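Summary of structural features
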Amino acid sequence: MNDAYEAMEQMRRLNLEVACQECGIPPNEVDYEECTVCLLEGAIAARAVSVSGKMTSFFKPRSAAISAKMPRLKLFVEQREIKSKPNRCLTCGAPSCGKHACSTFQKEGITVCNECENVFQMEFIVDCMTLDKKARQTRVDKMIDMYDRAVLLLNFSNQYIDDIIESLLNIKERHNKINFGGSSVGIASGILGV
């Protein structure tokens, strides 16, 4: 199961490299932990600005690229790299920042990127029927990849489901005892007029 998941992650990285190369990012500058949409938007913006001659790159510097002669700057960049790792999309596995994640799912504590959010809407399926053959095949391939990832996650989670159920039941039992104790104290203090 781990081999299958690692293969899917490797395929996601390779697809990201291809998308980045199309946007002008060399393979050695691809940051696999950065929000995918932010990475590609930055590349497109950098290309547009470089055409106008103002700036050549919007990419964030990495700590490895900073000289040891500038330790404070290197430390600052290292700390930013540690703090700024976004959560991964549950369905496709791509890093997705708060700006590019679905707010509806985020309310439940789940990260789903905006691109994957569309799969859960009825219009996505209807649009698949009206697209040309190549675009339809691309969407179907994406759905198959998402379902494969979901099956792997469910199979992995299934190993620990009994432990999770037991833990949740213990938490619920403890919470109920606390609530009962709190309400009995409230009743007693109400009777005594305290």
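Just so we're clear, the structure is a prediction, and the values are computed from it rather than from any experiment.

A few points about the overall build of the protein
If you tally the helices and strands in the protein, you get eight helices and zero strands. Of the contacts made within the protein by residues no fewer than 6 positions apart, 43% connect residues no fewer than 24 positions apart. Per element, the accessible surface of the protein, about 14000 Å² overall, is 60% carbon and sulfur.

Things to note about the packing of helix α1 (residues 2-23) against helix α7 (residues 133-158)
Contact geometry of α1 with α7 gives a least axis separation of 10 Å together with a crossing angle of 145°. Where α1 crosses over α7, the two elements pack in a sense that is left-handed. Where α1 approaches α7, its residues Ala-4, Tyr-5, Met-8, Glu-9 and Arg-12 are matched on the opposing element by Asp-145, Asp-148, Arg-149, Leu-152 and Leu-153. Residue composition of the contact of α1 with α7, grouped by class: five nonpolar, no polar and five charged.

What to know about the packing of helix α6 (residues 122-130) against α7
Where α6 contacts α7, the two axes come as close as 9 Å, and the packing angle between them is 145°. Contacts between α6 and α7 involve Phe-124, Ile-125, Asp-127, Cys-128 and Met-129 from the former and Arg-136, Arg-139 and Met-143 from the latter. Counted by class, the contact of α6 with α7 contains five nonpolar, no polar and three charged residues.

As for the pattern of salt bridges
Enumeration according to the criterion identifies six salt bridges in this entry. One salt bridge connects Glu-9 with Arg-88, and the closest N-O pair in it is separated by 3.7 Å. On the criterion of sequence distance, the pair formed by Glu-9 in helix α1 and Arg-88 in the loop between α3 (71-83) and α4 (103-106) is long-range, its members being 79 residues apart. Accessibility expressed as a relative area gives 16% for Glu-9, which makes it buried. One salt bridge connects Arg-88 with Glu-33, and the closest N-O pair in it is separated by 3.2 Å. Placement of Arg-88 in the loop between α3 and α4 and of Glu-33 in the loop between α1 and α2 (36-52) is noted, with a sequence separation of 55 residues between them. Relative accessible area serves as the criterion here: at 32%, Arg-88 is assigned to the partly exposed category. A single salt-bridge network, built from bridges that share partners, covers Glu-9, Arg-12, Arg-13, Glu-33 and Arg-88.

Notes on the side chain of Thr-91
Relative to the helices and strands, Thr-91 is located in the loop between α3 and α4. Once residues within four sequence positions are removed from consideration, Thr-91 is found in contact with Val-112, Cys-116, Phe-120, Met-146 and Arg-149.

As for the layout of surface pockets
Within this model, the largest pocket holds a volume of roughly 860 Å³. Mapped onto the lining of the largest pocket, the elements with two or more residues apiece are α1, α2, α5 (114-117) and α7. Of all the elements, α1 adds the most residues to the lining of the largest pocket, at eight residues. Partitioned by chemical class, the residues of the lining of the largest pocket number 13 nonpolar, seven polar and eight charged.

Rules behind the numbers
Numbering of residues starts from 1 in each chain and follows the order in which that chain's sequence is written. Restriction of local features to residues with pLDDT of at least 70 applies here, the model being predicted, together with a cutoff of 80 or more for giving and counting side-chain atom pairs; totals for whole chains, interfaces and linings are based on all residues. To get the side-chain values, all heavy atoms of the structure are used, and hydrogens and water are removed first. Helical segments are the DSSP runs of H or I of at least four residues, strand segments are the runs of E of at least two, and each set is numbered from the N terminus. Working rule for contacts: check all heavy atoms of both residues, and any pair within 4.5 Å makes them a contact. In these tables, accessible area is a Shrake-Rupley quantity obtained with a 1.4 Å probe, and a residue counts as shielded only by the protein chains included in the view. Note on geometry: axes are C-alpha line fits, over the in-contact stretch for helices, and angles between N-to-C directions span 0 to 180 degrees. Here a crossing is called left-handed whenever its near helix is offset anticlockwise from the far helix by less than a right angle, and right-handed whenever the offset is clockwise. Gly falls in the polar group here, along with every residue not listed as nonpolar (Ala, Val, Leu, Ile, Met, Phe, Trp, Tyr, Cys, Pro) or charged (Asp, Glu, Lys, Arg). By definition, a salt bridge exists where a carboxyl oxygen of Asp or Glu is found within 4 Å of a side-chain nitrogen of Lys or Arg. For each residue, the accessible area found with a 1.4 Å probe, counting protein chains only, is set against the maximum for its type, and the residue is called buried under 20%, exposed over 50%, and partly exposed in between. The definitions used throughout rest on a 1 Å grid laid over the protein atoms alone, on which a cavity is an enclosed set of points accommodating a 1.4 Å probe that cannot get out and a pocket is an open set flanked by protein within 12 Å on both sides along at least five of seven lines; lining residues are those having an atom within 4 Å of a point. Grid points are joined across faces, edges and corners, and a volume is the space filled by probe spheres set on the points.

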